[in-house]
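# Chains, contacts and geometry: an overview
Spelled out from the first residue to the last, the chains are:
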Amino acid sequence: MVILGHLKSSTLLPSWTLPYHSPTTPTTRNFKVKMSISATQASIVLPENRIILGCGGVSVDLLAAVASYPNPDDKIRSTSFQVQGGGNTGNALTCAARLGLTPRIISKVADDSQGKGILEELEADGVDTSFMVVSDGGNSPFTYIIVDNQTKTRTCIHTPGYPPMIPSDLSQSNLLSALDGAKLVYFDVRLHETAAIVAEEAFRRGVPILIDAEKKREGLDNLLSFASYVVCTTRFPQEWTEASSIPSALVSMLLRLPKVKFVIVTLGKDGCIMLQRTEMDTLLPEEMDVDDLVEKLNQEKDTNATLPACICSNVAKLHAKGIGTFIGKLFVGTAESIPQTELIDTTGAGDAFIGAVLYSICANMPPEKMLPFAAQVAAIKCRALGARAGLPRYTDPRLAPFLV
C-alpha cells in the first residue's frame, strides 16, 4: 500500500479514456437570470480560499447508451460508449475543480489499470490525489451504466473496490495535511469508518462539513451529527424522518440536526427545495404550515421560464404537523427546461449540483444565486454522456450570468 505524491499528469488524459461521438450541444422575488453580452464577458472573481477536501467514492464508469433498455435475455447494440471516471466524490470534486476550486481527495484504488486511469483523470482536472491510497493487488471500483435513450434514465451496476479502505490506511500526518487550509469538507458517506475520523478532526478544527445524503448508509447518522450543510436526494428526507411530506421532512431534519445551517433536497426536473436555519430577530415571525408555504412558492414559478430561478419566502415560523415548529426561510429552485433533443444522460447530475454548491459556499453566494447556479451546472452536465464529460468550467459563457 502506498500514499501518492503529486502526479505530473495534469495535461494528460487517462490511459483508458475512449473517444465517443455525441450530438453538438448549443450554448446556451422570483430571482431570474438574464443572458446578455455584457454578462457573458464580465470578469469572474474566484473565491479567495478555494481549498476543499472530499472523502468518499471513486470508480471507473463504463457507460453504454442504448435505444431502449433491454428485456431479459435480449442481445442489443449500444448507440454510443464511454469510459470515464466516476464515483460521487470523484465527480463532485471534478466539478468543483472545473469551477475554479482546489480540491483534495481521500479515497482508495488498486494498483491496476483502472486505478491508474482514475488517478490520471482526477489529476488532469486539477484534483489533488496526494492523499489517495493505492493498494498492492485487489481491484479498483467500477460501475456498468446503461443509459436508456428512450426514457432518459440510467441503470447502474457497481462493483466495489477491494481491499476496502480502513482508517489505518490514512496516517495522522496525512489527515492533518489534507485538512490544512481547507475551507470546506465533503462526504458522500462511502468509506464511512475513515470518513468518521476525517469528520471528527474537521469538526474539531471548525471546518464546515457538507454531507451528500443519497440514501441510508452505514455511518450516515454519525456523519450527519457533524454536518453544517446537507444535500439529499428526493427520497431521502422522508425515508430518514418518516415524515408525511418532503417539506415536513426538512423541518424534522433541521430540528434533529441542530448544527445544520441548511438542507437542500434535489427534485430532478422539478428543481429543488432548500430550508435554511434563521436566527430569531426582534420581530416574531408569522407562523405558517410548511407544506402550504411550499405550495404557495410553487405557484409563483414562471412556467414560461427556461433558465433556473429561485423563489424564496420571508423568515417564518414553519409548522410541520406532528413534528414541530422551526424558524427559517424556504427557497424553491427551478431547473432548466432542457429540450429532449439535447438531454443525453442524467448520470452524475446530483454530483454536479453538489460540486456547484461547494463552489457557492466557498464564494459566499446567497441561496438566491446558489440554487440557480447549481441547477445550471447540473443541466449543462446532462447534455453529454457520463458524469464528467459535460461538466462546465468556470469560463463557460453559459455560467457567466450566474457568477456576476
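Computed from a predicted structure; not experimentally measured.

Turning to the packing of helix α2 (residues 88-98) against helix α10 (residues 349-362), a few remarks are in order. Close contact between α2 and α10 brings their axes to 8 Å; oriented N to C, the two are set at 50°. Comparing their axes, α10 and α2 come out oblique. Classified by chirality, the crossing of α10 by α2 is right-handed. Along its contact with α2, which presents Asn-88, Asn-91, Ala-92, Leu-93, Cys-95 and Ala-96, the element α10 presents Asp-351, Ala-352, Ile-354, Gly-355, Ala-356 and Leu-358. Here the contact of α2 with α10 is composed, by residue class, of 8 nonpolar, 3 polar and 1 charged.

Another aspect to go through is the pattern of salt bridges. Under the defined criterion, the tally for this structure stands at 15 salt bridges. One salt bridge connects Asp-125 with Arg-393, and the closest N-O pair in it is separated by 3.4 Å. Note that Asp-125 is positioned in the loop between α3 (113-124) and β8 (133-135) and Arg-393 in the loop between α11 (367-381) and α12 (400-403), a separation of 268 residues in sequence. You can call Asp-125 buried: its relative accessible area is 10%.

Before going further, it helps to examine the confidence of the model for the chain. The predicted model of the chain has a mean per-residue pLDDT of 90, with 88% of residues at 70 or higher. Scored below 50 in pLDDT, residues 5-13 shows 14 contacts in the model against residues more than four places distant or in partner chains. Residue range residues 18-28 is modelled with pLDDT below 50. Its contacts to residues more than four positions away, or to other chains, number 20 contacts.

What follows covers the layout of surface pockets. Space inside the second largest pocket adds up to approximately 230 Å³. Taken together, 14 residues make up the lining of the second largest pocket; nearest its centre are Tyr-229, Lys-261, Phe-262, Gln-276 and Ile-361. Looking at the lining of the second largest pocket, the elements that each hand over two or more residues are β15 (272-277), α10 and α11.

Rules and cut-offs
Residues numbered from 1 in each chain as written. Predicted model: local features only at pLDDT ≥ 70, side-chain atom pairs only at ≥ 80, totals over all residues. Heavy atoms only, no water. Axes fitted to C-alpha atoms, helices over the stretch in contact; angles between N-to-C directions. Helix = DSSP H or I, 4+ residues; strand = E, 2+ residues; numbered from the N terminus. Parallel < 35°, antiparallel > 145°, perpendicular 65-115°, else oblique. Left-handed = near helix turned anticlockwise from the far one by under 90°. Contact = heavy atoms within 4.5 Å. Nonpolar A, V, L, I, M, F, W, Y, C, P; charged D, E, K, R; others polar. Salt bridge = Lys/Arg side-chain N within 4 Å of Asp/Glu carboxyl O. Buried < 20%, exposed > 50% of the residue type's maximum accessible area, 1.4 Å probe, protein only. pLDDT = per-residue confidence, 0-100. 1 Å grid on protein atoms, 1.4 Å probe; cavity = no way out; pocket = protein on both sides within 12 Å on 5 of 7 lines; lining within 4 Å. Points joined across faces, edges and corners; volume = space filled by probe spheres on them.

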